[in-house]
Amino acid sequence: MKFQGSDNYVTTPDLKLAVNAAITLKRPLLVKGEPGTGKTMLAEELAKTLGIPLLQWHIKSTTKAQQGLYEYDAVSRLRDSQMADLDGGERVKNIDNYIIKGVLWQAFTAEEPVALLIDEIDKADIEFPNDLLRELDRMEFYCYETRQLIKAKNRPLVFITSNNEKELPDAFLRRCFFHYIKFPDADTMRQIVAVHFPTLKQDLLQAAMKTFFDIRNLPGLKKKPSTSELLDWLKLLVAEDIPLEALQTQDDKVAIPPLVGALLKNEQDVTLFEKLVFMQSRNR
Ligand SMILES: Nc1ncnc2c1ncn2[C@@H]1O[C@H](COP(=O)(O)OP(=O)(O)O)[C@@H](O)[C@H]1O
Ligand SMILES: [Mg+2]
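An account of the accompanying structure is given in this report.

Cut-off values and rules
All chains use their own residue numbering, which begins from 1 and follows the written sequence. Chains and ligands are labelled by the order in which they are written, letters from A for the one and numbers from 1 for the other. The predicted origin of the model limits local features to residues at a pLDDT of at least 70 and limits the giving and counting of side-chain atom pairs to 80 or more, whereas totals for whole chains, interfaces and linings rest on all residues. We call a residue exposed when 12 or fewer other C-beta atoms sit within 10 Å of its C-beta, buried when the count reaches 20 or more, and partly exposed for counts in between; the C-beta positions come from the backbone. Comment: elements are numbered from the N terminus, with helices defined as DSSP H or I runs of at least four residues and strands as E runs of at least two. Two strands are counted as paired when DSSP detects at least two bridges linking them. Put plainly, near means the residue's C-beta atom, positioned from the backbone, lies within 6 Å of the molecule or strand in question. In the scheme used here, Gly and all other residues not listed as nonpolar or charged are polar, with Ala, Val, Leu, Ile, Met, Phe, Trp, Tyr, Cys and Pro taken as nonpolar and Asp, Glu, Lys and Arg as charged. A helix's residues, less one, multiplied by 1.5 Å, set its expected span. Residues are defined as contacting one another if the C-beta atoms placed from their backbone atoms lie within 7 Å. Geometry is summarised by axes, namely lines fitted to C-alpha atoms with helices restricted to the contacting stretch, and by angles between N-to-C directions that run from 0 to 180 degrees. Joined through C-beta atoms within 7 Å, a set of buried Ala, Val, Leu, Ile, Met, Phe, Trp, Tyr and Cys residues constitutes a nonpolar core.

Quick look at the pairing of strand 5 (residues 115–119)
Regular strands place their side chains on alternate faces of the sheet.
Part 1 of the argument: Strand 5 sits mainly inside the fold: four of its five residues count as buried.
Part 2 of the argument: One ladder, built from five bridges, connects strand 2 (residues 54–58) with strand 5; its direction is parallel. Bridged to Leu54 within strand 5 is Ala115.
Part 3 of the argument: The pairing of strand 5 with strand 8 (residues 157–162) spans four bridges and is parallel. By the bridge assignment, Leu116 is partnered in strand 8 with Val158.

Rendered as structure tokens:
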């Protein structure tokens, strides 16, 4: 199994190296980076190019590690036992019927090798990563209700993403191979855009990229627009057939772009950007 990148996903050499290192080491690959830098998509594309299914676990602030293993649905069982007089209670006797299998259970018991994505692990509480250490290390866990050891038939390829909202515990980090997806430079960004909009006019792209990177470089911005925001914005520019002149002034300076709401998501940032444009126009 080796990752070579894909037609839909632009990879840098260091990203490819990191993915393959994690595969070789058989350790989870922890991918950090700003939102919208293609972390989730990396897992999807990797699974696709390797031809293996991808099981996804999207973490929320309320997600508990146990939910990834299994949950015992005691409430349904109680209800069924109260109704048992009607159907003889066959279902109630078998506790297996009330075990809800989590993604790790599914990944461990899958017949073929699979990829497993634990997406945005930093959303959960601080204990969450530690609670999964042993399971991810040993690739097994015990189900007390059914007295079963669930052991991985094939070691899944584990991806973990983080938006860097919280630090992760050291013991957890030690077990992962780590890669930080740097924000794409202009060249890489052009390649990414080309994947999504192969027929985009070069001069429009040039002007849009200039606006985009000018905005990103504004000091004091609350929320920098990311790759996915640039793509959204370009989609709108194309859909609305916005002319090149709307993006720049005569002397190639940045103008307030149309549909700026795709890039800037709060009013302070918009004001900041308007100031920059105003200053530039005065310095002309
Ligand atoms: N390297 C890339 N190649 C192609 N498209 C990309 C790349 N990085 C980001 N994108 C685009 O940006 C969008 C957001 O990526 P996503 O994986 O959801 O980001 P993250 O999970 O890091 O927040 C994707 O749907 C894709 O369209
Ligand atoms: Mg994501």
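Here's the deal with the site of ligand 1
Part 1 of the argument: Around ligand 1, the surrounding shell holds 16 residues, and the nearest of these are Gly38, Lys39, Thr40, Met41 and Ser228.
Part 2 of the argument: When grouped by side-chain class, the residues that make up the shell around ligand 1 number seven nonpolar, eight polar and one charged.

Quick notes on helix 13 (residues 227–239)
Part 1 of the argument: The first and last C-alpha atoms of helix 13 sit 18 Å apart over 13 residues, in line with the 18 Å expected at 1.5 Å per residue.
Part 2 of the argument: Buried-residue contacts for helix 13 involve helix 11 (186–196) and helix 12 (202–216).
Part 3 of the argument: The first or second residue beyond helix 13 is Asp241, which carries a positive phi of 55 degrees.

Here we look at the sheet that holds strand 2
Part 1 of the argument: Strand order in the open sheet formed by five strands is 2-5-8-1-9, with parallel pairing between adjacent strands. Two strands bound the open sheet, and with one partner strand each, they are strand 2 and strand 9 (177–180). Put simply, the sheet's adjacent strands are angled 20 degrees from each other on average, direction ignored.
Part 2 of the argument: Strands in contact with helix 1 (residues 13–25) are strand 1 (29–32), strand 8 and strand 9; relative to strand 9, the strand with the most contacts, it is inclined by about 165 degrees.

Concerning the environment of Ile121
Part 1 of the argument: Mapped onto the elements, Ile121 comes out in the loop between strand 5 and helix 8 (127–131).
Part 2 of the argument: Along the backbone, Ile121 and Leu30 are 91 residues apart, and their C-alpha atoms lie at a distance of 9.6 Å.

What about the nonpolar core?
Part 1 of the argument: Grouped together as the largest cluster of nonpolar side chains are 36 residues, with contacts concentrated most on Leu29, Ala115, Leu116 and Phe159.
Part 2 of the argument: Those elements that provide at least two residues to this core are helix 1, strand 1, helix 2 (39–50), helix 7 (103–109), strand 5 and strand 8.
Part 3 of the argument: Beyond its immediate sequence surroundings of up to four residues, Ala115 is in contact with Ala43, Leu46, Ala47, Ile52, Leu54, Pro156, Leu157 and Phe159.
Part 4 of the argument: With 13 residues, the next largest nonpolar core counts Phe212, Leu230, Trp233 and Leu264 among its residues.

Some thoughts on the environment of Glu120
Part 1 of the argument: Inspection of the secondary structure puts Glu120 in the loop between strand 5 and helix 8.
Part 2 of the argument: With 49 residues separating them in the primary sequence, Glu120 and Glu71 have C-alpha atoms 21 Å apart.
Part 3 of the argument: Apart from residues lying up to four places away in sequence, Glu120 is in contact with His58, Ile59, Thr161, Ser162 and Asn163.

A closer look at unusual backbone geometry
Part 1 of the argument: Of note, Lys26 is a non-glycine position whose phi angle comes to about 55 degrees, a positive value.
Part 2 of the argument: Counting through the fold element by element, Lys26 comes out in the loop between helix 1 and strand 1.
Part 3 of the argument: Located in the positive-phi region is Leu259, a residue other than glycine, with phi close to 60 degrees.

Observations concerning the pairing of strand 1
Part 1 of the argument: Summarising the sheet, strand 1 and strand 8 pair through four bridges and their orientation is parallel. What sits directly across from Val31, in strand 8, is Thr161.

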